[in-house]
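Residue strings, one per chain:
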Amino acid sequence: MNLFALPQVSMTETLFGGLLLAAALFFVSRRLGLPNFWAGILSGALPFLLYLAYSQQHWTGGDVLAIHFAVYLANAGLLMVFGGMQQKKQKLHWAPRLIIGFFIGLVVLNAVLLSISSRGLPDSISNLFLPHPANETVHTAFPGLIPHDRNKLYEPHLARLEQQRHLGWKIGIEGWDTLKSKTPSIITLKLDDAQGAGIAGAEVTMGLWRMANSRDDQKFSLTEVSPGVYQTTMTLNDSGRWILDLYIQHGEDSYIKQQTLYIDGD
C-alpha cells in the first residue's frame, strides 16, 4: 500500500493551485527577509517539483508537464518583476500590464480547453447546452484520432440500434455503486428476454477504457453463474472517468451499449 498516494485532480486544479501556492511562497518568503531573486526562484521551483511528484502517480503526458513548467516559470518571472518594482516603489506602465493580461488570459483559455479535451464538459453544462437523447450518453471529451472512413459506419450503427430495440432484452448491472479503484469488485449482469426469462449461453464482454490514459484500458469476459446471470471480478487501476463498452452475443443476436462511469467520484 502506498502511504503517499495522491488523489487525481484536474489540470485546472494543478495549474492554478500551483500558481496560488507560488504567490503565497513568494510573499511569505519576502516577509521573512528572503531576497527578491531567491523568493522568485523558490516560487517557481517548489510548485513544479511538487507537480513532478504528482505526475509520477498520475502521468498525463509530456505536453501537460511542459505547460506546467512554462506557466510556473513565467509566473515566477512576473513575481520577481513585481517584487523589484515594489522595492523601488515604481508603478507598472499600462502597456506591459496589457501584455501581461493578454498572456494570463491565454493561459487560462488553454487550460480550460485542455481540461475539456481530457475530461469533457461538466455534466451540468453539457446537459444545459448540448442535445441529450433519451437513454444516451453525450461524450464531450476528445476520443482520439478517427479515420475519415469511420463516418461510413454511422448508418450501420443506426441499423444496429433499431435491431437492439426489437430484441427487447432487459439488462441490469449490479456492482457499479461499490466499485473502487485498485480494489477487486464483483460485477453482476442480469440478462432477460422480452418475456422476462433469463437468457442462457450468451457471451458477455465488458471493455473499459480510460479517457486520461489508454494504458489503463481493460477487457473482461463475464462467466455465467446461473441462467441469465453473468459475473466477473474487475480491478480498475485508477479513479476518474471511464467509458464502458458492453458487448453481448447470443446466437445471431448481438447487443452493444456504451456508458460513462465515474470511479471514486461523488
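Residues numbered from 1 in each chain as written. Predicted model: local features only at pLDDT ≥ 70, side-chain atom pairs only at ≥ 80, totals over all residues. Heavy atoms only, no water.

## So, the overall build of the protein chain
For step 1, the next point in the chain: Scanning the protein chain for helices and strands turns up six helices and seven strands.
For step 2, the next point in the chain: Starting at the N terminus and walking to the C terminus, you meet the elements of the protein chain as α-α-α-α-α-α-β-β-β-β-β-β-β.
For step 3, the next point in the chain: Among the 266 residues that make up the protein chain, the fraction classed as buried is 33%.
For step 4, the next point in the chain: Put simply, of all contacts in the protein chain between residues at least 6 apart along the chain, 61% involve residues at least 24 apart.
For step 5, the next point in the chain: When the accessible area of the protein chain is evaluated, it comes to approximately 17000 Å², of which 62% is carbon and sulfur surface. (Helix = DSSP H or I, 4+ residues; strand = E, 2+ residues; numbered from the N terminus. Buried < 20%, exposed > 50% of the residue type's maximum accessible area, 1.4 Å probe, protein only. Contact = heavy atoms within 4.5 Å. Areas by Shrake-Rupley, 256 points an atom, 1.4 Å probe, with all protein chains shown as cover.)

## Section: the sheet that holds strand E5 (residues 229–234)
For step 1, the next point in the chain: Overall, antiparallel pairing links the seven strands, which are arranged E1-E2-E5-E4-E3-E6-E7 in an open sheet. Strands with a single pairing partner mark the edges of an open sheet, and in this sheet they are strand E1 (170–174) and strand E7 (253–263). Geometrically, the sheet is characterised by an average inter-axis angle of 25° between neighbouring strands, direction not taken into account.
For step 2, the next point in the chain: Bridge analysis of strand E6 (residues 240–250) against E7 gives 11 bridges, and the strand direction is antiparallel. The residue of E7 that forms the bridge with Gly240 is Ile263. (Pairing = 2+ DSSP bridges. Axes fitted to C-alpha atoms, helices over the stretch in contact; angles between N-to-C directions.)

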